[in-house]
Amino acid sequence: MSARGQIPDAFIQEVIARTDIVDIVGRHVALRKGGANLLGLCPFHGEKSPSFTVSPAKQFYHCFGCGAHGDAIRFLMEHAGLGFLDAVKDLAQQAGLQLPEAQVDPAEQARAAQARARHHTLTDVLQRAAEHYRVRLKDDNRAIGYLKKRGLTGRVAQHFGLGYAPAGWRSLASAFPDYEAAELVEAGLVIVQGDEGAEQRRYDRFRDRIMFPIRSVKGEVIGFGGRVLDSGEPKYLNSPETPVFVKGLELYGLHEARVGIRERGYALVVEGYMDVVALAQSGFANAVATLGTACTPDHVKKLLRFTDHIVFSFDGDAAGRRAASRALAAALPQVSDLRTFRFLFLPTEHDPDSYVRAHGAEAFEAFVQSAVSLSRQLLDRAGEGADLATPEGRARMLAQARPLWSQLPAGGLRLQLLAELAQAGRTSVEELSALWGERAGTPVTASTRGRAPSPGPSTRRPPSLRPPSAVRQPPDHVARMLLSRSALWNELGGSDQEMLTSLETWHGELFRWLERDLTEHGPREWPSLREALQGESFGPAACLLVDGAELPAAADKEDLRSAVAQTSRALALRDPLRLLGRMA
């Protein structure tokens, strides 16, 4: 089975073999001949001169500007926002292949088919409603005037598909001949009051509001947010949760922000639809917004599919501070030494929209660059209400810090923060580790939470970049083999390459770097790779794997495939739902 645990590797390889990447990419990018390859403007970042190449021979794409690269499956995942399974299914259907389902229960197959049909029906209904609202906006001078007053142009309104829901009770009846259809209720567009019969009332949920279509990453309309034009309440009204819309999973503007996130190098999380639209018009096309809920771990995971750098923007009032605390809690378990999370607090009289209009885009960009780091936010949160000049205050600070720090995965940042907390508490790292238990170096999990700590100080060595003579992780073996014989990378299937480059440890960064190096330079001997690794954050660890190896690092493709399989199994055992979550 593949690393995704759902489709046999042999089937994935057959799909790739029957797919022409030139045809897939060419539907989205204008390509022209450039030697053995094809050239075009990169769809993942803005550019004027083409740096995006597609290799018909290797069935591979690579951008020398932003580093985007991969096969046809990866292209659909990155550009169209498809999950792995959906991308494989899409290509299989185009190739005339039937996805193997022998191990799937027939009843489960039927339920899955029914769910897919229901999904398509509801998104089709929501798309028709979005078109209805968009047309109505053109006919309403009051709604157009409101958007102009907010400084929005017709171009940005069209880009986000903004519309207007008229004030009438049954405006949607003009868009849907069967206003009694159950799908209108199930999609959250129509409200039903009373029992069936003469007493039952049906009316539009959204009335006299500017409408913001909420799209999935794939671009499907899955819900709406509506804003009043005056001082009415509620100011914002969202679609209810439906089979296609779950607020805690979706982010407004993510579909539109994908290219902007790649260009600016980070995602900016704000609190309102209008902030997203206004910031896009001001040049910040990398903004997204939560949907009337606190930022959740699922929001963070979804953003990390597009960038390793996230900035949370909040109002500077008490409510904004509370929202920042919830965002901190959502981000902590996703931290790695190669990711950054920052927190931006605007003056109390401003939101991002008003700040940009008052001070300009350059001032806002400077403000973003001064955002507080996650480590600083954690320390500030831990110190709330604690007088560090007194033993009682320092004890309070450490007590408040422990549940936050414990959520950090093992790594350099976790160790650094332990040292900073110890210093702020006027104690030593050893004493603090002893106070917090023998397993202070281990993140809290469902299996460790609530476990009584062992008495006495820990004798456990802190995590570090260990010498490879003590190789303990399967990815170490894979990295050592590939660095010694980089040509072996091409012996791996696309699904295995995807799994390796998606690893959340430093190994994932190394494998992505190695893939780019192969595309640009072809297979290289270890001395050349070693020199090229200098200056990379993961370079020292990678060099230790080969230079300090006790055994010869040379390997053949069977050795490599065995090590990759071990990595896949170890990943699934550590978090069996992680791989499935990446398909969503």
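As the structure is a prediction and not an experimental result, all values here were calculated from the model.

1. A few points about empty space enclosed by the protein
Part 1 of the reasoning: This structure, assessed with the given rule, holds two cavities of 30 Å³ or more.
Part 2 of the reasoning: Taken together, Gly70, Asp71, Ile73, Arg74, Met77, Phe84, Gly494, Gln497, Glu498 and Glu515 make up the full set of residues lining the largest cavity.
Part 3 of the reasoning: Residue assignment for the lining of the largest cavity shows that the elements contributing at least two residues are α3 (72-79) and α20 (494-501).
Part 4 of the reasoning: The residue inventory of the lining of the largest cavity, partitioned by class, reads three nonpolar, three polar and four charged.

2. Focus on the layout of surface pockets
Part 1 of the reasoning: When its volume is computed, the second largest pocket comes out at roughly 650 Å³.
Part 2 of the reasoning: Breaking the lining of the second largest pocket down by element, the ones donating at least two residues are β11 (236-238), β12 (267-270), α10 (273-281), β14 (309-315) and α12 (318-331).
Part 3 of the reasoning: When its residues are assigned to classes, the lining of the second largest pocket shows 13 nonpolar, seven polar and nine charged.

3. With respect to the packing of aromatic side chains
Part 1 of the reasoning: All told, the structure shown has 23 aromatic pairs when counted by the stated rule.
Part 2 of the reasoning: Each ring, one from tryptophan 169 and one from tyrosine 203, has its centre 5.3 Å from the other, and the planes form 85°; the classification is edge-to-face. One end of the pair, tryptophan 169, is in the loop between β6 (163-165) and α8 (182-186); the other, tyrosine 203, is in strand β8 (residues 201-204), with 34 residues separating them in the sequence.
Part 3 of the reasoning: Judged by relative accessible area, which is 46%, tryptophan 169 ranks as partly exposed.
Part 4 of the reasoning: Overall, the relative accessible area of 10% leaves tyrosine 203 in the buried class.
Part 5 of the reasoning: Judged by centre distance (5.3 Å) and plane angle (15°), the rings of tyrosine 355 and phenylalanine 367 are stacked. Of this pair, tyrosine 355 sits in helix α13 (residues 352-359) while phenylalanine 367 is found in helix α14 (residues 361-369), placing the two residues twelve residues apart along the sequence.
Part 6 of the reasoning: Ring pairing ties together the aromatic residues Phe160, Phe212, Tyr236, Tyr252 and Tyr273, which thus form one cluster.
Part 7 of the reasoning: The ring of tryptophan 169 carries the charged tip of arginine 207 above its face, separated from the ring centre by 4.3 Å.
Part 8 of the reasoning: The ring of phenylalanine 284 carries arginine 264 above its face, with NZ or CZ at 4.2 Å from the centroid.

4. A word on the packing of α12 against helix α15 (residues 374-382)
Part 1 of the reasoning: Orientation of α12 relative to α15, taken along the N-to-C sense of each, is 120°, at an axis distance of 11 Å. On the basis of the axis angle, α12 is oblique to α15. Relative to α15, the crossing made by α12 is left-handed. Only Leu374, Gln377, Leu378 and Arg381 of α15 make contact with α12, whose side of the interface consists of Ala324, Ser325, Leu328 and Ala331.
Part 2 of the reasoning: Counted by class, the contact of α12 with α15 contains five nonpolar, two polar and one charged residues.

5. Considering the pairing of strand β9 (residues 209-215)
Part 1 of the reasoning: Counting buried residues in β9 gives seven out of seven residues, a clear majority hidden from the surface.
Part 2 of the reasoning: Judged by which residues are buried, β9 turns out to be covered on both faces: Arg209, Met211, Pro213 and Arg215 on one side and Ile210, Phe212 and Ile214 on the other are all buried.
Part 3 of the reasoning: When β6 meets β9, the two strands line up antiparallel, connected through three bridges. The residue of β9 that forms the bridge with tyrosine 164 is isoleucine 210.
Part 4 of the reasoning: As defined by bridge partners, β9 adjoins strand β10 (residues 221-228) across seven bridges and the pair is classed as antiparallel. Of the residues in β10, the one forming a bridge with methionine 211 is glycine 226.
Part 5 of the reasoning: The loop that links β9 with its antiparallel partner β10 comprises five residues; one of these, glycine 219, has a positive phi angle of about 100°.

6. A look at α12
Part 1 of the reasoning: End to end, α12 covers 20 Å across 14 residues, agreeing with the expected 20 Å (1.5 Å per residue, within 8%).
Part 2 of the reasoning: The elements touched by buried residues of α12 are α11 (297-303), β14, β15 (340-346) and α15.

7. Topic: the sheet that holds β10
Part 1 of the reasoning: With antiparallel pairing, four strands are arranged side by side in an open sheet as β6-β9-β10-β11. Pairing within the sheet leaves two strands with one partner each, and these edge strands are β6 and β11. Within the sheet, the average angular offset between the axes of one strand and its neighbour, ignoring direction, is 35°.
Part 2 of the reasoning: Contacts between helix α5 (residues 106-138) and the sheet are confined to β6, β9 and β10, with β10 contributing the most and set at about 35° to the helix.
Part 3 of the reasoning: Contacting β9, β10 and β11, α10 crosses the sheet at an angle of about 80° to β9.

8. Section: the environment of methionine 481
Part 1 of the reasoning: Of note, methionine 481 is situated in helix α19 (residues 474-484).
Part 2 of the reasoning: As for methionine 481 and valine 546, which are separated by 65 residues in sequence, their C-alpha atoms are 8.4 Å apart.

9. Some points on unusual backbone geometry
Part 1 of the reasoning: Positive phi values are uncommon outside glycine, yet glutamine 59 reaches one of about 55°.
Part 2 of the reasoning: Relative to the helices and strands, glutamine 59 resides in the loop between β3 (52-55) and β4 (60-63).
Part 3 of the reasoning: Exposure remark for glutamine 59: the relative accessible area of 21% places this residue in the partly exposed category.
Part 4 of the reasoning: Positive phi, close to 55°, is recorded for arginine 426, a residue that is not glycine.
Part 5 of the reasoning: Here arginine 426 is to be found in the loop between α17 (412-424) and α18 (429-435).
Part 6 of the reasoning: Overall, arginine 426 belongs to the exposed group, its relative accessible area being 62%.

10. Topic: the pattern of salt bridges
Part 1 of the reasoning: This model, assessed by the stated rule, comprises 19 salt bridges.
Part 2 of the reasoning: Measuring nitrogen to oxygen at the nearest pair gives 3.2 Å for the salt bridge that ties aspartate 380 to arginine 376. Placement of the pair is aspartate 380 and arginine 376 together in helix α15, with a separation of four residues, close to one helical turn.
Part 3 of the reasoning: With a relative accessible area of 38%, aspartate 380 lands in the partly exposed category.

11. Notes on the sheet that holds strand β5 (residues 69-70)
Part 1 of the reasoning: Pairing is antiparallel in the open sheet, where five strands are placed in the order β1-β2-β3-β4-β5. Pairing within the sheet leaves two strands with one partner each, and these edge strands are β1 (32-34) and β5.
Part 2 of the reasoning: Pairing of β4 with β5 involves two bridges; the strand directions are antiparallel. Bridged to tyrosine 61 within β5 is glycine 70.
Part 3 of the reasoning: Taken strand by strand, α3 contacts β3, β4 and β5, and its axis lies near 50° from that of β4.

About the cut-offs
Residues numbered from 1 in each chain as written. Predicted model: local features only at pLDDT ≥ 70, side-chain atom pairs only at ≥ 80, totals over all residues. Heavy atoms only, no water. 1 Å grid on protein atoms, 1.4 Å probe; cavity = no way out; pocket = protein on both sides within 12 Å on 5 of 7 lines; lining within 4 Å. Points joined across faces, edges and corners; volume = space filled by probe spheres on them. Helix = DSSP H or I, 4+ residues; strand = E, 2+ residues; numbered from the N terminus. Nonpolar A, V, L, I, M, F, W, Y, C, P; charged D, E, K, R; others polar. Phe/Tyr/Trp six-rings, centres within 6.5 Å; stacked < 30°, edge-to-face > 60°. Buried < 20%, exposed > 50% of the residue type's maximum accessible area, 1.4 Å probe, protein only. Lys NZ or Arg CZ within 6 Å of the ring centre and 35° of its normal. Axes fitted to C-alpha atoms, helices over the stretch in contact; angles between N-to-C directions. Parallel < 35°, antiparallel > 145°, perpendicular 65-115°, else oblique. Left-handed = near helix turned anticlockwise from the far one by under 90°. Contact = heavy atoms within 4.5 Å. Pairing = 2+ DSSP bridges. Expected span 1.5 Å × (residues − 1). Salt bridge = Lys/Arg side-chain N within 4 Å of Asp/Glu carboxyl O.

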